[in-house]
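Structural characterization, general
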Amino acid sequence: MNWDEIKGNWKQMTGSIKSEWGKLTDDEVTQAEGDRDKLVGKIQERYGVAKDEAERQVDDFVARQ
């Protein structure tokens, strides 16, 4: 699955995203609205990781979908 597919199915993907990053709130996932950069930013804020680490996590997540 690629990011465009995830963005198109955002509402269906929110459960998987919340399972992957359990510290993210429902509001944070909703606010990301399928925007990869917003999701990366939320992960950075909530988990205290660098941008490149958050991007790697998102890329790994997408590859597994």
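Residues numbered from 1 in each chain as written. Predicted model: local features only at pLDDT ≥ 70, side-chain atom pairs only at ≥ 80, totals over all residues. Heavy atoms only, no water.

**Notes on the overall build of the chain**
- Scanning the chain from terminus to terminus reveals 5 helices and 0 strands.
- Reading the chain from its N end, one meets helices and strands in the order α-α-α-α-α.
- With the principal axes as the frame, the chain shows a C-alpha extent of 25 × 25 × 20 Å.
- Looking at the chain residue by residue over its 65 residues, the buried ones come to 34%.
- A total accessible area of about 4,000 Å² is found for the chain, and carbon and sulfur atoms account for 41% of it. (Helix = DSSP H or I, 4+ residues; strand = E, 2+ residues; numbered from the N terminus. Buried < 20%, exposed > 50% of the residue type's maximum accessible area, 1.4 Å probe, protein only. Areas by Shrake-Rupley, 256 points an atom, 1.4 Å probe, with all protein chains shown as cover.)

**Quick notes on the nonpolar core**
- The biggest cluster of nonpolar side chains holds 16 residues, and the ones touching the most others in it are W10, I17, W21, L39 and V58.
- Sorting the residues of this core by element identifies α1 (3-8), α2 (10-20), α3 (26-32), α4 (36-47) and α5 (51-64) as the ones contributing at least two each.
- With 4 residues, the single largest contributor to this core is α5.
- Residue contacts for V58: discarding those within four places in its chain leaves W3, W21, R36, L39, V40 and I43. (Core = buried A, V, L, I, M, F, W, Y, C linked by side-chain atoms within 4.5 Å. Contact = heavy atoms within 4.5 Å.)

**Some points on the packing of α4 against α5**
- Contact geometry for α4 and α5: axes closest at 9 Å, N-to-C directions at 120°. Taken together, the axes of α4 and α5 are oblique relative to one another. When the axes of α4 and α5 are compared, the crossing they make is right-handed. Packed against α4, whose contacting residues are R36, L39, V40, I43 and Q44, the element α5 presents K51, A54, E55, Q57, V58 and D59 at the interface.
- Of the residues belonging to the contact of α4 with α5, the class tally is 5 nonpolar, 2 polar and 4 charged. (Axes fitted to C-alpha atoms, helices over the stretch in contact; angles between N-to-C directions. Parallel < 35°, antiparallel > 145°, perpendicular 65-115°, else oblique. Left-handed = near helix turned anticlockwise from the far one by under 90°. Nonpolar A, V, L, I, M, F, W, Y, C, P; charged D, E, K, R; others polar.)

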